[in-house]
Structures are given as C-alpha cells and as structure tokens.
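A structural walkthrough
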Amino acid sequence: MKSYLDKVLAIVGKDVASELRTREVLSSMFVFAVLVIVIFNFAFELKVDNTEAVAPGVLWVAIAFAGMLGLNRSFITEKDRGCMEGLLLCPVDRSTIYLGKMLGNLLFMTTMEVIVLPVFAAFFNLSVLSPRLLLIVVLGTIGFAAVGTLFSAVAVHTRTREVMLPILLLPVAVPVLVAAVKATEDAIARIPPPTEGPWLGVLVAFDIIFTTVAFLTFEYVFQE
Amino acid sequence: MTVVRWLVPLAMVAALFMAFVFAPTEATMGDVQRIFYFHVPSAWVAFMAFAVVFVASIQWLRTRSQRWDALAVSAAEIGVLFATVALVTGSIWAKPTWGTWWDWDPRLTSTLILWLIYVSYMMLRSVIENPSKRASLSAVVGIVGFVDVPIVFMSIRWWRTIHPVVITGNSMNLDPSMLLTLMVCLAAFTLLFVHLLGMRLALEQQREEVNLLREAILYEE
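Residues numbered from 1 in each chain as written. Chains lettered and ligands numbered in written order. Predicted model: local features only at pLDDT ≥ 70, side-chain atom pairs only at ≥ 80, totals over all residues.

1. Thoughts on the overall build of chain A
Across its full length, chain A holds 9 helices and 0 strands. Counting helices and strands in the order they occur from the N terminus, chain A gives α-α-α-α-α-α-α-α-α. For 224 residues, the compact-globule estimate of 2.2 N^0.38 gives 17 Å, and the C-alpha radius of gyration of chain A, at 18 Å, lies within 12% of that figure. Principal-axis analysis of the C-alpha atoms gives chain A an extent of 55 × 35 × 30 Å. A buried classification covers 46% of the 224 residues belonging to chain A. (Helix = DSSP H or I, 4+ residues; strand = E, 2+ residues; numbered from the N terminus. Rg over C-alpha atoms; globule rule 2.2 N^0.38 Å. Buried ≥ 20, exposed ≤ 12 C-beta atoms within 10 Å, placed from the backbone.)

Printed below as a string of structure tokens:
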C-alpha cells in the first residue's frame, strides 16, 4: 500500500517522464516567455530610466502567459492521447490527481522561470537574482498553478478548450498578479522587508486558500 | 411571489419619486448626483446575486438537484446585468464629477474584476453542451470566483493606497433625506432582484420542461 505522497509523486513522475521525452511544453513556455519580454521591449521602447518601473510587470506578464501555455497542455495532452480515462481509473482519490498535476505544473513553471530570470536580468540590466525575488516568484507561481490546474481541467471539457483557460484564469488570478508585481517592485528597489507592502502575505494567503478550494472542488470536474 | 410581483412596480415608482423629487439637489455635484440612488442599489444587487451563485453552486455539488443549477445561472445573469449597470452609471457620474470616465479607484476596479469573473462564468456555460457537466464545471468556477472576491478587494485596495490617492469617494456625508432615498432605492432594487430571479427561474424550469417534452416526442417517433 503506497502512501498518499507516493501516489502524488507517481503522477508527477509520469508527467516529468513524458515531458523529458518530448520537451514540448518546457521549450514552448521558455521561448514564449522570452518573446513576451522582447515584444514588451518594442511596445514600451524601454529606456534606461524607466526599466525599474516597467520590469516587474513585464516579468509577470511573461510568467503568466507562458505559464498558461504550459497549464493548457496539462490536461489537453491527456485527453488527446486518450490517457484521461487511464488517469481517472487510477485507484487514487481525485484530489491526488489534482496535487500531482499541480505539482507537475509548478515544477515546469519554475523550471521555465529559472531559465527566464537570467535572460530577464540581462535584458533589463537588473541584478534581480536574489533569494527574496526567488521566494516571490515561487509564491506567485504556486498561486497561479493552484487555480490554473483546476481551471485547465475545467477548460479541457469545453468546446473551445484552450481558449477558455485564460478567460477563466486571468480575472481570478488578479490578486496574485497585483501582489507579485508589487512585491517584485519592492525587491528590485531593495526596500527593506519591514517597510514593504503586505504583498508576501497576500501571496501566501492566496496560495493557501486556492490550493484548498481547488483540492476540495477538483473531484467535481470529472463527475458526469 | 405574487406579492412581490405587485410590490415591485410600486417600489420602483416610489424609488423614482424619491430619487428625482424628494431628494434634495446636491450642493456641488448638482443633479448628476441623483444617479447615485440607482448606482449603489445596482452594485448591491450584483453582490447579492453573486452570493446566491456561490450558495447555489455549493448546493448543486452537494445535492445534484437541477433547481440549484437553474438558480445559479439565473442569479449569475442578473448579477452580470446589475454589475454592468453599476459600472455604466458609475462612469456617467464620474465624467462630470471627476472629469474622467474611468478611474482605477479600488471599488471601481474590484467591480470590474468581478464583472469579468462572472462574464467568464457565463462564457464557460455557453461552451459546454452536457447539462450536468455544465452545471458541475460552472459550479466550481462559481465557488472559486466568489472566494476570490474579498482577496481581489483587499489586494486592489492596498495596491491603490500605496499610490497617492487623488480622489476619495467616501468622504461623502449623506443628508438624512438623501439617506432615506438611498434606503428606499435599496429596498426597491432588492425587491426587483427577487422578482427577476423568480421570473428567470420560472423560465429555466419551462426550458427544462420543453426539453423533456421534445425528448419524449422524439422517443415516440
């Protein structure tokens, strides 16, 4: 009898193994994130004096958009390759599937971010690679992946499929984006933690609340 | 329900009378301030409707009774309608008062985000054919969306208060007669909400009956 954690990790392992074979999600997320950063450069004609003001927003738009690309694939590949039934037939709780999928998405998104952050730092000439910024990025990504995995499972059941995910996810993820951009701004401006805004608290609260809500409601997404 | 049907027109006429005749003209803003008596009740109805969506969504997942799903979709539609009215009336008021159609003020921004969440809820409903699947998936979104409301509101408020706040809308002390007018309008709009919800629910039930009849006829052939 496997423990709950083993079952979750088995699902993560399956996603990682299939990703390592195709590498299609990670590579497309990474290229897309870099493209977003480059396109923003043209859109805003970034000048040296305003990079610090614009950079956090650019970073999080890149993370959010590239993240949605990966989140969308999470259930669509299962469905297209006829693996959804197999996944659902696993002798595990639906919440196990949610946690496994969510951790997998989190892993892919953070991997993408680890590659994108240095590129971002170089393009914007900002020394952003601090533990504090990494913490913000991870907390923001957890919240985004928590709701994103749930909504990705919802979107795969619809007629329009991948179109539905951004429409559902972006309005709900507004607090994550606001808090993450603000916290990143504080981190880049090196405002000492005691005087910064309540943003890390917002991120932690969002992460806890929505991982719980998604964990509880996920089983209903797959009921007929 | 029949009592509400007769009360609604009376209450709406009373609300119109209070807003346009009884309430005094605001000293600085003038007559444009009267839109406030419809703006605030619209926002109030929208929030009430979204709370109904939340409760009905939970109830659908628990009981799987079609009535709850019908209630959720009816309330969501009315909520989106009144949130739209609140946003538009707010904009009409803002132009002469603040000099701009839109300001990223916390309440305005939060209402816009809510509006987007429930518009996406309606869009989700329109792209799923299977009725029970549609009910379950939209219930999940209805729950997540409503849980998000306080977090959206708090985060946007902090987001704005860290910036310099140019205009505050809440430094308005209401005259007793204005407050009375507002109360009458709130009551009238609440009745209107109950009435619309009842009508919309009846429509949903009729739609269900028509579907059943159609299926029965097809089956006979």
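There is more to say, and it comes next.
2. Remarks on the interface of chain A and chain B
Bring the parts together and some accessible area is lost; that lost area is often taken as the interface size. Between chain A and chain B, the contact holds 29 residues from the first and 28 residues from the second. Counting residues per element, the ones that place at least two in the side of chain A that touches chain B are α6 (131-155), α7 (164-172), α8 (174-188) and α9 (199-221) of chain A. Residues belonging to the side of chain A that touches chain B are distributed by class as follows: 20 nonpolar, 6 polar and 3 charged. (Contact = placed C-beta atoms within 7 Å. Nonpolar A, V, L, I, M, F, W, Y, C, P; charged D, E, K, R; others polar.)

3. Considerations on the packing of helix α1 (residues 2-22) of chain B against helix α6 (residues 176-220) of chain B
Residue and element names in this part refer to chain B. At a minimum axis distance of 8 Å, the contact between α1 and α6 shows a crossing angle of 150 degrees. Here α1 lies roughly antiparallel to α6, going by the angle between them. Handedness of the α1/α6 crossing: left-handed. Across from Val4, Arg5, Leu7, Val8, Ala11, Met12, Ala14, Ala15, Met18, Ala19 and Phe22 in α1, the residues of α6 making contact are Ser177, Thr181, Val184, Cys185, Ala187, Ala188, Leu191, Leu192, Val194, His195 and Gly198. Looking at the contact of α1 with α6 residue by residue, the class counts come to 17 nonpolar, 4 polar and 1 charged. (Axes fitted to C-alpha atoms, helices over the stretch in contact; angles between N-to-C directions. Parallel < 35°, antiparallel > 145°, perpendicular 65-115°, else oblique. Left-handed = near helix turned anticlockwise from the far one by under 90°.)

4. Remarks on unusual backbone geometry
One non-glycine residue, Arg161(A), lies in the positive phi region at around 45 degrees. Turning to its location among the elements, Arg161(A) is positioned in the loop between α6 and α7. Here Arg64(B), not a glycine, exhibits a phi torsion of approximately 55 degrees, which is positive. If you trace the backbone, Arg64(B) turns up in the loop between α2 (36-63) and α3 (66-98). Given 13 C-beta atoms within a 10 Å radius, Arg64(B) is considered partly exposed.

5. Looking at the environment of Gly100(A)
Residues and elements named next belong to chain A. Mapped onto the secondary structure, Gly100 falls in helix α5 (residues 94-124). A residue is classified by how many C-beta atoms lie within 10 Å of it, and Gly100, with 23 of them, is buried. With residues near it in sequence (within four places) discarded, Gly100 still touches Val8, Ile11 and Val12.

6. Topic: the environment of Glu215(B)
Considering the arrangement of structural elements, one finds Glu215(B) in helix α6. You can call Glu215(B) exposed: it has 10 C-beta atoms within 10 Å.

7. Here's the deal with the packing of α6(A) against α8(A)
Packed helix pairs are specified by the crossing angle of their axes together with the interaxial distance, meaning the distance between the axes. Residue and element names in this part refer to chain A. For the pair α6 and α8, interaxial distance at closest approach is 10 Å and the crossing angle is 175 degrees. Of the possible angle classes, the one that applies to α6 and α8 is roughly antiparallel. Residues Arg132, Leu133, Ile136, Gly140, Gly143 and Phe144 of α6 touch α8, and the partners they reach there are Val176, Ala180, Ala183, Thr184 and Ala187. Tallied by class, residues from the contact of α6 with α8 come to 7 nonpolar, 3 polar and 1 charged.

8. Considering α5(A)
Between its first and last C-alpha, α5(A) extends 43 Å over 31 residues, near the 45 Å set by a 1.5 Å rise per residue. Approximately 30 degrees is the largest bend angle found in α5(A), and it occurs at Val116(A), with the proline Pro118(A) only one to four residues beyond. (Expected span 1.5 Å × (residues − 1). Bend = angle between axes of the 7 residues up to and from the residue.)

9. Thoughts on the confidence of the model for chain A
Of all residues in chain A, 96% attain a pLDDT of 70 or more, and the chain-wide mean is 89. Taking the mean pLDDT of every element in chain A, the minimum, 87, falls on helix α4 (residues 84-89) of chain A and the maximum, 94, on α7(A). (pLDDT = per-residue confidence, 0-100.)

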